[in-house]
Each structure stands twice: as C-alpha cells, then as structure tokens.
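Take a look at the letters that make up each chain.
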Amino acid sequence: MRLRNIPGSREAIGASEYVIPEESECAGKWRELFGNENPIHVEIGTGKGRFLMELAKVHPEISYVGIEKYSSVLLRAIQKMEEEPLSNVKFIRMEAEHILRYFAKGEVDRIYLNFSDPWPKERHAKRRLVSREFLDRYRVLLKDGGHLEFKTDNRDLFDFGVEETEPAKWEIMEITYDLHHDEKMNRGNIMTEYEERFSSMGNPICKYVIRPLR
C-alpha cells in the first residue's frame with residue numbers, strides 16, 4: 001500500500017511528548033521512562049494506534065510501546081493520543097530490524113504483530129516480521145515466560161510464520177485459522193483497523209501465540 005507523505009509529520013513526531021526520540025538510550029530504561037515497574041508490552045507496526053490504545057485502556061497496569069516506521073502513520077496515532085491521553089503508552093519511530101538497540105535482554109513481557117507487511121517476494125522473506133531472523137531478535141527481548149501474538153488475514157504469510165517457528169526454536173501455544181469463530185481465542189480480542197476491514201469482507205483472521213524454547 002502506498003503511504004501518502006504528510007509534510008511536517010517528522011517534525012510533529014519529534015516534538016510530541018508521547019514519542020521517545022530515536023536517538024534516546026532507552027534500552028533497559030523503559031520502566032524508568034514510564035515511571036513504574038509494570039510489565040512492558042510492545043506492538044511492532046502499531047499503525048494508527050487503535051489496537052494499542054484500546055489495550056492500554058483495558059489494562060492500565062501494563063506499559064505499552066508502539067513501534068512504527070512510517071511518520072505519516074505514526075502522526076495519526078499521536079493525534080489520537082492528544083485527544084485521549086494515556087499515561088501507559090509511548091511510541092517510537094523506528095525500523096523493526098533495529099529493535100535490539102532500543103530494548104534490553106529480557107526487558108519485554110509480550111510482543112504483538114498485527115497485519116504485518118507480507119513481503120510476498122521470496123527474496124524478501126527475511127524482512128517478514130515472523131521470519132526466523134526476527135524471531136531470533138524477539139527471543140533476546142522477551143523475558144522468561146514471555147510470548148508473541150500474531151494476527152493476519154494473509155494465509156500465505158501466516159503459513160510461513162508457522163513454518164518458521166520450529167527451525168527458530170519457538171513453540172506454538174495456541175493457533176487458529178478463523179479467530180472470530182474460535183470462542184476461546186477470540187475472547188477479549190481487540191480488533192485493529194485492518195482486522196475490522198478485512199473481516200467485514202469475509203476474510204478469516206489467523207492468529208497464533210508462540211514462545212521461545214529456552
């Protein structure tokens with residue numbers, strides 16, 4: 001999908017109190033930045049922020065970090081925060097492959113991936129956020145007992161993600177190929193903008209919950 005550049009978006013992001021500057025030395029300091037010892041949950045590819053902010057309202061006892069690489073998209077999330085501020089949400093504009101610069105080993109309790117870019121060409125497989133290359137990064141970030149949740153309507157991407165878990169030494173805790181008709185896994189589900197759009201078109205939503213083998 002082509003994203004429209006919004007003039008001044010990077011400047012607005014840089015000036016926002018809800019965004020941690022990219023140059024910040026924040027690895028190992030997220031609890032200090034939030035001012036508490038609450039668990040840290042991270043969404044990679046937070047988009048316009050709907051999913052993360054709805055979660056944050058339901059769970060004020062958890063600190064949420066939204067990662068987004070597109071300034072024009074992150075700006076929309078910031079605008080939502082300005083309308084309805086949440087003390088347990090921070091954003092950072094960054095490329096996902098640099099995530100180990102911004103989080104320390106074992107600092108994160110949970111990771112969310114929602115409707116990630118499928119990178120359909122085989123030569124781009126390593127760029128997929130569910131690839132073994134990214135799973136190796138997530139393993140470092142997650143504390144013992146932490147896990148990752150992934151949702152998508154793209155069956156090819158989902159199948160690829162499932163196939164990557166074993167060679168990456170992760171295990172599948174829960175899995176469904178039709179989330180909205182799975183009573184157990186859909187309980188408490190918060191939809192993203194894409195999820196609402198695609199499910200309304202009749203696309204089944206796939207989801208898995210995985211954790212690294214130690």
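Worth saying up front: this structure is predicted, and the values here are computed from it rather than measured.

Draft legend 1. View of unusual backbone geometry. Even without being glycine, Trp119 reaches a positive phi, approximately 40 degrees. With respect to the helices and strands, the residue Trp119 is situated in the loop between β4 (108-114) and α5 (132-141). We note that Lys169 has phi near 65 degrees; this positive angle belongs to a residue other than glycine. With a relative accessible area of 53%, Lys169 lands in the exposed category.

Draft legend 2. Spotlight on the side chain of Glu164. Checked against the element boundaries, Glu164 lands in helix α6 (residues 155-165). Non-local contacts of Glu164, meaning those with residues more than four positions away in its chain, are made with Val130, Ser131, Arg132 and Leu135.

Draft legend 3. Representation of the sheet that holds strand β5 (residues 142-152) in the model. The sheet built from seven strands is open, its strands ordered β3-β2-β1-β4-β5-β7-β6 with mixed pairing. Lying at the two open borders of the sheet, with one neighbouring strand each, are β3 (89-93) and β6 (170-176). Each adjacent strand pair in this sheet contributes to an overall mean axis angle of 20 degrees, direction not counted. Pairing of strand β1 (residues 40-44) with strand β2 (residues 63-68) involves five bridges; the strand directions are parallel. Pairing of Glu43 across the sheet is with Gly66, part of β2. Lying over the sheet, helix α3 (residues 50-58) contacts β1, β2, β3, β4 and β5, oriented at roughly 175 degrees with respect to β2.

Analysis parameters
Residues numbered from 1 in each chain as written. Predicted model: local features only at pLDDT ≥ 70, side-chain atom pairs only at ≥ 80, totals over all residues. Heavy atoms only, no water. Helix = DSSP H or I, 4+ residues; strand = E, 2+ residues; numbered from the N terminus. Buried < 20%, exposed > 50% of the residue type's maximum accessible area, 1.4 Å probe, protein only. Contact = heavy atoms within 4.5 Å. Pairing = 2+ DSSP bridges. Axes fitted to C-alpha atoms, helices over the stretch in contact; angles between N-to-C directions.

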